Amino acid sequence: MSTPAPVPDGPIPGPAAVPATVPATVVGRPARSLAGQVLAEVRGDLRAATAWGCLLALCGLPAGLLWVWLAPRARFEVVEGGAVPLGRPSPELLVAVDSVLVLVLAGLGLLAGGGAWAMRRRRGVAVLAATGLGTGVAGLLAWQLGELLAPGPTAAELSDVGARVTSGLHLSSPPALAVGPFAALAVYVVAALFSAHDDLGRR
């Protein structure tokens, strides 16, 4: 016959307690609180962000003037049957015209990103969105103003034998307008990555 197993001292342990289910309202409370903080921050920064975006958009006007001033243009003399170039215009003239505008918008974007980060008390979603939108509109204004101030020769000018005409500005690659917002947001995001504060130093 086998001897019965010894009875352990102390109370006999019961079944493991089943953890109580956490109410869904408690789980969702931190997320709702964070969303409320973000919305409150955006509402508080909305006026300053709107003014900042409008200022950046207006910077497209001097950017367009700078494009007209710096972009290379070729001169032609109208002869019977067409126009002949004066001098030796570069075959990469169209690429150079686009490149000058890209450099101008990239410079504007870098300054815009740095300026947005310098607004310490307004760092956040609203200013970031205004920076991207403002530099995007500035690129559109610069493009349209440059083509308006430096149009190509008209049909009447090309039919005037002996006249000299200058090539106009034309953006052959519209996606180049994204350089400004990309540069601005890149500067802001890189600065935010190196920030040691969770609130980006707004205080």
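The preceding data block contains the structure.
Because the structure is predicted, anything quoted here is derived from the model rather than measured.

J.: Could you give an account of the overall build of the chain, naming the residues involved and the relevant values?
T.: Broken down by element type, the chain carries six helices and three strands. Taking all 203 residues of the chain together, the buried fraction comes to 29%. Counting contacts in the chain only where the partners sit at least 6 residues apart, residues at least 24 apart contribute 80% of the total. For the chain, the accessible surface area stands at approximately 13,200 Å², while carbon and sulfur atoms represent 69% of it.

J.: Go over helix 6 (residues 179-193), please, and point to the residues and values.
T.: Along an α-helix, residues three or four positions apart point the same way, because every turn accommodates 3.6 residues. Given a rise of 1.5 Å per residue, 15 residues ought to cover 21 Å, and the 21 Å separating the end C-alpha atoms of helix 6 matches this to within 8%. Every buried residue of helix 6 is listed here: Gly180, Pro181, Ala183, Ala184 and Tyr188.

J.: Describe the nonpolar core, and please don't skip the residues or the numbers.
T.: Counting 14 residues, the largest nonpolar core has Trp67, Leu101, Leu169, Leu171 and Leu177 as its most contacted members. Counting residues per element, the ones that place at least two in this core are helix 2 (60-70), helix 3 (93-118) and helix 4 (125-149). Not counting chain neighbours up to four residues away, the residues in contact with Leu169 comprise Trp67, Val68, Ala71, Arg73, Val97, Gly146, Glu147 and Ala150. Counting residues in each nonpolar core, the second largest holds 11 residues, with Trp52, Ala126, Ala184 and Tyr188 among its members.

J.: I'd like to hear about the environment of Ala183, residue by residue, with values.
T.: Structurally, the position occupied by Ala183 is in helix 6. The class for Ala183 is buried, based on a relative accessible area of 11%. In this structure the C-alpha to C-alpha distance between Ala183 and Gly109, which are 74 residues apart in sequence, comes to 4.9 Å. Aside from chain neighbours lying at most four places away, what touches Ala183 is Ala106, Gly109 and Leu110.

J.: Report on a nonpolar patch on the surface, specifying residues and quantitative values.
T.: A cluster of nonpolar residues, Leu58, Leu61, Val137 and Leu141, forms a patch on the protein surface that exposes about 320 Å² of accessible area. By secondary structure assignment, the location of Leu58 is in helix 1 (residues 24-58).

J.: Provide a residue-level description of the side chain of Asp98, including the pertinent values.
T.: Take Asp98: it is sitting in helix 3. Within the structure, the side chain of Asp98 is placed 3.3 Å from the backbone nitrogen of Ser173, a separation counted as a polar contact. Once you skip the residues sitting within four places of it in the chain, Asp98 turns out to touch His170, Leu171, Ser172 and Ser173.

J.: How would you explain the packing of aromatic side chains if you had to name every residue and give the values?
T.: Each aromatic ring pair is described using two quantities: the centre-to-centre distance and the angle formed by the ring planes. Enumeration over the complete set of coordinates arrives at one aromatic pair. An angle of 85° between the planes, with centres 5.4 Å apart, marks the rings of Trp117 and Tyr188 as edge-to-face. Highlighted residues: Trp117 in helix 3 and Tyr188 in helix 6, separated in sequence by 71 residues. What makes Trp117 buried here is its relative accessible area of 17%.

J.: Give me the lowdown on the packing of helix 2 against helix 4, citing residues and values where you can.
T.: Viewed as axis vectors pointing N to C, helix 2 and helix 4 meet at an angle of 45°, and their least axial separation amounts to 7 Å. What the angle tells us is that helix 2 and helix 4 run oblique. In terms of crossing hand, the pair formed by helix 2 and helix 4 is right-handed. Every residue of helix 4 that contacts helix 2 at Gly60, Leu61, Ala63, Gly64, Leu65, Trp67 and Val68 is listed here: Ala138, Leu141, Ala142, Trp143, Leu145, Gly146, Glu147 and Leu149.

J.: So what's going on with the side chain of Thr135? Residues and values would help.
T.: Relative to the assigned elements, Thr135 resides in helix 4. Classification of Thr135 as buried rests on a relative accessible area of 2%. In this structure the side chain of Thr135 is engaged in a polar contact, spanning 2.8 Å, whose partner is the backbone oxygen of Thr131. For Thr135, the contacting residues outside a window of four places in its chain are Leu56, Gly109, Ala112, Gly180, Pro181 and Ala184.

Conventions and cut-offs
- Residues numbered from 1 in each chain as written.
- Predicted model: local features only at pLDDT ≥ 70, side-chain atom pairs only at ≥ 80, totals over all residues.
- Heavy atoms only, no water.
- Helix = DSSP H or I, 4+ residues; strand = E, 2+ residues; numbered from the N terminus.
- Buried < 20%, exposed > 50% of the residue type's maximum accessible area, 1.4 Å probe, protein only.
- Contact = heavy atoms within 4.5 Å.
- Areas by Shrake-Rupley, 256 points an atom, 1.4 Å probe, with all protein chains shown as cover.
- Expected span 1.5 Å × (residues − 1).
- Core = buried A, V, L, I, M, F, W, Y, C linked by side-chain atoms within 4.5 Å.
- Patch = residues over 30% accessible without salt bridge, like charges linked within 9 Å, V, L, I, M, F, W, Y side chains within 5 Å.
- Salt bridge = Lys/Arg side-chain N within 4 Å of Asp/Glu carboxyl O.
- Polar contact = N/O pair within 3.5 Å; in protein donor to acceptor, adjacent residues only side chain to side chain.
- Phe/Tyr/Trp six-rings, centres within 6.5 Å; stacked < 30°, edge-to-face > 60°.
- Axes fitted to C-alpha atoms, helices over the stretch in contact; angles between N-to-C directions.
- Parallel < 35°, antiparallel > 145°, perpendicular 65-115°, else oblique.
- Left-handed = near helix turned anticlockwise from the far one by under 90°.

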